[in-house]
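The lines below spell out each chain.
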Amino acid sequence: MTNIFPCKIFDSMVRILGKEIFKTTTGTPFLIPTTGTGAWESALTNTLSPGDRIVSFLIGQFSLLWIDQQKRLGFNVDVVESEWGQGANLEILAEKIAADRAHTIKAVCIVHNETATGVTNNLAAVRRILDEYRHPALYLVDGVSSICALDFRMDEWGVDVALTGSQKALSLPTGMGIVCASPKALEASKSAQSVRFFFDWNDYLKFYKLGTFWPYTPSVQLLHGMRAALDVIFEEGLDHVIERHSRLGKATRLAVEAWGLKNCTQREEWFSDTVTAVVVPPYIDSTEIVKRAWKRYNLSLGLGLNKVAGKVFRIGHLGHLNDLQLLGCLAGVEMVLKDVGYPVKMGSGVAAASSYLQNTIPLIPLRI
């Protein structure tokens, strides 16, 4: 494979990411050789200064980690915490925004889809609150496990910085952070005083103008992979991709219900279509379910993290995954549940999911 990535292809790819994936006509994407954690840091350090007040929602392990990063970077973090399994408390946000007549809040940070608990937040509702009180705070969104799988509209929802990672809905290996900045965020970067070097957008923008695009060696293999991944996504059609994730999420939740187990997510409005966190009875350690699935059935499930460790296991239904692959996963989960002593009726979850899918799977457009 060549170690040179054609600049014309990259230019068209950036335009596609902005317009089609992030749904913005004015945002500027940056493809950075990093993980989602690096993308977080890029979003924060390019737009804010040490001591700036941030409102940030703590609803699970990944929002917790982002808040930890915000504090370590020297920001004044106003944490709005919810019980794990609940979404962001927007009533408290509205109270804080309404009271902040001096506009001391410089940014609102939210994780769109909290993968530790299977909770999806309402991004449009956050924008409505900011608009209602005409508050100028920047709006920063972690879309690592949502963008390109769940409905996301950067311009319509007034998101100033959105970020995702290559390893989730784009179905690539880990190693590329994709950050998209609005004109307002780019303007903020001109006065932001946070120390940055590797993640500095201004260096990228200089090279964009030169037509060479990177201030350092890019991750060439991932860029070739990105080009191929976008081809796969648009062959299916992004709207169909989002519909597929909605279908897989619903099928998984029906299976969980048929097993007699509960979803960690406490209200339907917060259900995630990319991951489902399943609560186990107190006499079962969910860690043993994950270990057993891997050791006996070569099935990869997600552990319960932090506050829900040992209490939940997670079923991912994200990325380049089809309906029949999901049914195989659900069959595997049933066998594991039986192994660990849970009185599951074999085939119950698969039957519930397959009945739903049989009535909702559309014909494949390219094969009609």
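Residues numbered from 1 in each chain as written. Predicted model: local features only at pLDDT ≥ 70, side-chain atom pairs only at ≥ 80, totals over all residues. Heavy atoms only, no water.

Student: Quick one: what's the story with the UniProt feature "domain: Aminotransferase class V" (unreviewed entry) in the chain, residue by residue and with numbers?
Tutor: Annotation from UniProt places "domain: Aminotransferase class V" (unreviewed entry) at residues 43–258. Regarding residues 43–258, the helix share stands at 42% and the strand share at 18%, and the terminal C-alpha atoms are separated by 42 Å. (UniProt positions renumbered as here; feature names shortened; annotations may be inferred. Helix = DSSP H or I, 4+ residues; strand = E, 2+ residues; numbered from the N terminus.)

Student: So, the sheet that holds strand β10 (residues 262–263): which residues are in play, and what are the values?
Tutor: Taken in spatial order, the three strands line up as β10-β11-β12 in an open sheet, and their pairing is antiparallel. Looking at strand neighbours, the two that pair on one side only are β10 and β12 (312–316), the edges of this open sheet. Packed onto the sheet, helix α9 (residues 238–258) meets β10, β11 (275–279) and β12 and runs at close to 10° relative to β11. (Pairing = 2+ DSSP bridges. Contact = heavy atoms within 4.5 Å. Axes fitted to C-alpha atoms, helices over the stretch in contact; angles between N-to-C directions.)

Student: Just give me the short version of helix α8 (residues 220–236), but keep the residues and values in it.
Tutor: Between the first and last C-alpha of α8 there are 25 Å, a value that for 17 residues agrees with the 24 Å anticipated at 1.5 Å per step. Val-220, Leu-222, Leu-223, Gly-225, Met-226, Ala-229, Leu-230 and Ile-233 are the residues of α8 that are buried. Where α8 is buried, its residues meet α1 (7–21), β1 (28–32), β9 (177–181) and α9. Downstream of α8 by one or two residues, Gly-237 has phi in the positive range, about 95°. (Expected span 1.5 Å × (residues − 1). Buried < 20%, exposed > 50% of the residue type's maximum accessible area, 1.4 Å probe, protein only.)

Student: Give a detailed account of the UniProt feature "binding site: substrate" (unreviewed entry) in the chain, specifying residues and quantitative values.
Tutor: The residues that UniProt annotates with the feature "binding site: substrate" (unreviewed entry) are Arg-314. Mapping Arg-314 onto the fold places it in strand β12. Classification of Arg-314 as buried rests on a relative accessible area of 14%. For Arg-314, the contacting residues outside a window of four places in its chain are Thr-115, Ala-116, Val-275, Thr-276, Ala-277, Leu-301, Gly-302, Leu-303 and Leu-305. At 3.1 Å, the side chain of Arg-314 forms a polar contact with the backbone oxygen of Thr-115. (Polar contact = N/O pair within 3.5 Å; in protein donor to acceptor, adjacent residues only side chain to side chain.)

Student: So what's going on with the side chain of Asp-52? Residues and values would help.
Tutor: Take Asp-52: it is sitting in the loop between α2 (36–45) and β2 (53–58). Lys-106 provides the closest opposite charge to the buried, unpaired Asp-52, separated from it by 6.0 Å. At 2.8 Å, the side chain of Asp-52 and the backbone nitrogen of Ser-49 are in polar contact. (Lys, Arg positive; Asp, Glu negative; His and termini not counted. Salt bridge = Lys/Arg side-chain N within 4 Å of Asp/Glu carboxyl O.)

Student: Which residues make up the packing of helix α4 (residues 90–99) against helix α5 (residues 123–132), and what values do they have?
Tutor: Axis separation between α4 and α5 bottoms out at 10 Å; the angle between their running directions is 20°. Overall, the two elements α4 and α5 adopt an arrangement that is roughly parallel. Here the hand of the crossing between α4 and α5 comes out right-handed. In this structure, α4 uses Leu-90, Leu-93, Ala-94 and Ile-97 to contact α5, whose residues at the interface are Ala-125, Val-126, Ile-129 and Leu-130. Among the residues forming the contact of α4 with α5, the class breakdown is eight nonpolar, no polar and no charged. (Parallel < 35°, antiparallel > 145°, perpendicular 65-115°, else oblique. Left-handed = near helix turned anticlockwise from the far one by under 90°. Nonpolar A, V, L, I, M, F, W, Y, C, P; charged D, E, K, R; others polar.)

Student: Just give me the short version of the pattern of salt bridges, but keep the residues and values in it.
Tutor: One pass over the structure, following the stated rule, counts 17 salt bridges. A salt bridge links Asp-78 to Lys-96; its shortest N-O distance comes to 3.1 Å. Pair noted here: Asp-78 is in strand β3 (residues 76–81) and Lys-96 is in helix α4, with a separation of 18 residues, a long-range link. For Asp-78, a relative accessible area of 16% corresponds to the buried category. Classification of Lys-96 by relative accessible area gives partly exposed; the value is 22%. In this structure, Arg-153 and Glu-156 form a salt bridge, with 3.1 Å as the shortest nitrogen-oxygen distance.

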